[in-house]
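# Structural description and commentary
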Amino acid sequence: MQFKELRCIISMIFLVPVISCTKNGSADNGGGITTASISALACSSGSFSAPATVNIAYAATATVPYSGGNGVAYTSGTTIASTGVSGLTLTLQAGTLVTGTGNLSYTVSGTPASAGTASFAISFAGYNCTLSLPVNNGAPGLPPVYNKIYGATSITFDGTWVTIKTSDQPDHKSVYYPVANPLYEAFSGTTFGGGTFAKAPNTIASQNITLKIPVNPAMAGTHASTPMGVIGVALDGVPFFNQYAAGGSPLGAEMNGFDQWWGHPQMTGMYHYHVEPKYLTTVKATPFALMGFLLDGFPVYGPQEENGTAPAGLDVYHGHTHATADFPGGIYHYHFTASAPYINGNGFWGTPGTVIQ
Ligand SMILES: [Zn+2]
Ligand SMILES: [Zn+2]
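Residues numbered from 1 in each chain as written. Chains lettered and ligands numbered in written order. Predicted model: local features only at pLDDT ≥ 70, side-chain atom pairs only at ≥ 80, totals over all residues.

### With respect to the overall build of the chain
If you tally the helices and strands in the chain, you get two helices and 24 strands. In terms of overall dimensions, the chain is more spread out than a globule: its C-alpha atoms have a radius of gyration of 27 Å, far above the 21 Å expected for 357 residues. Counting only C-alpha atoms and orienting by the principal axes, one finds that the chain spans roughly 95 × 50 × 40 Å. Relative to its full complement of 357 residues, the chain shows a buried share of 35%. Long-range contacts, defined as pairs at least 24 residues apart, comprise 65% of the intrachain contacts of the chain with a sequence gap of at least 6. (Helix = DSSP H or I, 4+ residues; strand = E, 2+ residues; numbered from the N terminus. Rg over C-alpha atoms; globule rule 2.2 N^0.38 Å. Buried ≥ 20, exposed ≤ 12 C-beta atoms within 10 Å, placed from the backbone. Contact = placed C-beta atoms within 7 Å.)

### Section: the pairing of strand β15 (residues 209–214)
Burial of β15 is one-sided: the residues Ile 209, Leu 211 and Ile 213 facing one way are buried, the residues Thr 210, Lys 212 and Pro 214 facing the other way are not. Where strand β14 (residues 161–166) meets β15, six bridges bridge the pair, whose relative direction is antiparallel. Its bridge partner being in β15, Ile 164 is matched across the sheet by Leu 211. Bridge count for β15 against strand β24 (residues 354–356) is three bridges, and the pairing is antiparallel. If you follow Lys 212 over to β24, its bridge partner there is Thr 354. (Pairing = 2+ DSSP bridges.)

### A closer look at the environment of Gln 207
With respect to the helices and strands, the residue Gln 207 is situated in the loop between β14 and β15. Judged by the 21 C-beta atoms lying within 10 Å of it, Gln 207 is buried. Separated by 51 residues in sequence, Gln 207 and Thr 156 have C-alpha atoms that sit 18 Å apart. Leave out the neighbours within four places in its chain, and Gln 207 touches Ser 167, Asp 168 and Met 270.

### Examining unusual backbone geometry
Here Ala 340 and Pro 341 are connected by a cis peptide whose omega angle stands at 10°. Its location among the elements puts Pro 341 in the loop between β23 (331–335) and β24. Residues other than glycine seldom take positive phi values, yet Trp 262 does so here, at roughly 70°. Mapped onto the elements of the fold, Trp 262 is located in the loop between β17 (239–240) and β18 (264–265).

### Here's the deal with the sheet that holds β14
Across a sheet, strands are paired by hydrogen bonds formed along the backbone, either parallel or antiparallel in direction. The sheet built from four strands is open, its strands ordered β13-β14-β15-β24 with antiparallel pairing. In the strand order of this sheet, the two ends are held by β13 (154–157) and β24, each with one partner. The average angle at which neighbouring strand axes cross in this sheet is 15°, direction not considered. (Axes fitted to C-alpha atoms, helices over the stretch in contact; angles between N-to-C directions.)

### Looking at the pairing of β23
When you tally the buried positions in β23, you get four out of five residues, the bulk of the element. Here strand β21 (residues 299–301) runs beside β23; their pairing, made up of two bridges, is parallel. Bridged to Tyr 301 within β23 is His 335. Where strand β22 (residues 319–322) meets β23, four bridges bridge the pair, whose relative direction is antiparallel.

### Overview of the sheet that holds strand β7 (residues 83–84)
Strand order in the open sheet formed by four strands is β3-β12-β11-β7, with mixed pairing between adjacent strands. Each edge of the sheet is formed by a strand with only one pairing partner; in this case those strands are β3 (52–53) and β7. Pairing geometry for β3 and strand β12 (residues 127–136), over two bridges, is parallel. Residue pairing in the sheet places Thr 53 in a bridge with Asn 136 of β12.

### Topic: the environment of Gly 297
With respect to the element layout, Gly 297 can be found in the loop between β20 (290–294) and β21. Taking C-alpha positions, Gly 297 is 56 Å from Gly 71, a pair spaced 226 residues apart along the chain. The contacts of Gly 297, once residues within four sequence positions are left out, are Ile 213, Pro 214, Val 215, Pro 217, Gly 350 and Gly 353.

### What about the nonpolar core?
One finds Val 64, Ala 234, Phe 240, Met 291, Leu 294 and Val 300 to be the most contacted residues of the largest nonpolar core, which totals 75 residues. Counting contributing residues per domain, this core is built from domain 1 (40–136) and domain 2 (141–357), each supplying no fewer than three. (Core = buried A, V, L, I, M, F, W, Y, C linked by C-beta atoms within 7 Å. Domains from an automatic or database assignment.)

### Examining the domain arrangement of the chain
In terms of domain boundaries, the chain breaks down into domain 1 (40–136) and domain 2 (141–357). Just the C-alpha atoms count here: the centres of domain 1 and domain 2 sit 35 Å apart. The interface of domain 1 with domain 2 comprises five residues on the first partner and six residues on the second.

### Observations concerning the environment of Ala 42
Examined against the element boundaries, Ala 42 turns out to sit in the loop between β1 (40–41) and β2 (47–48). Each C-alpha atom, one on Ala 42 and one on Leu 314, is 58 Å from the other, the two residues being 272 residues apart in sequence.

### Looking at the confidence of the model for the chain
Interpreting fine coordinate detail is not advised for predicted regions of low pLDDT. For the chain, the mean per-residue pLDDT works out to 90, and 91% of the residues sit at or above 70. Confidence drops under a pLDDT of 50 for residues 1–30, and excluding neighbours within four residues, the segment shows five contacts in the predicted structure. (pLDDT = per-residue confidence, 0-100.)

What follows is the structure, given as structure tokens:
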């Protein structure tokens, strides 16, 4: 009995040095220094690679200077959520400290939920500070509803026209992204028409689209028909197309090539929605939410009204007039529907602005 107890004690004595030896060895830089250390962290001198605007998707790099670096490598950090202005996250990227003064690099992403100051409480090698990012109100005088177009690369306003630029890179996954893109995903789910999915040969490519839409849309005397190509823009920066396939024929079997969020790219890689943008109606917003705007400046809503019912009394242009959460005074608006013409019928209700695509 005594002999067994003795063996147990011996093995515990050996266990402790074995663990600490492994720990030291894995981070040892050969000079006996094992842990990244600094002598100061200067959030007040930190900077961001891009300005942030309320309700517009943000992706940037933040740089925070340090001094007293000891030349040791460090791993990436955990995600830090913004406070003050919510909706952003910041993550330390792995790197190696220089000896002396250098910079830590962080990725920042998300969509700021309000204007003001987004604050990030960062911590490195025992030093803490608060990094601040100003979030702008957007273009001066721009009605806030346009800031809901979070996928735009820029939104400017001259008092009459809202100019929206987009690179048309949806923030949802798609079988049409190049396979190497992190947003590539094999098709799953159901096609818009319920048919068997059939992948088309095109691949999503970055675009340079500029839409100019009137801030005060008005009914046109003569209703222009919608062109082929871009007829409006969704909140995620993806263009709306009308209810026709190339050559003006009905969408038909083309619907079987829509991805799981019911969009697809045409031959130049321009991704677009002819029908309900399912990512917006089910993930980013609701079936009764604002989906975007057509070129005539009138808003587009999902397939339901706020009380959950199907929109009633849509005219031949596929819209009607009543108050919405975004336009409490009432406004003409289009609705997505499950059957043709899906988004717009015989043309624009108002006078369309312009698009460069
Ligand atoms: Zn199409
Ligand atoms: Zn309605």
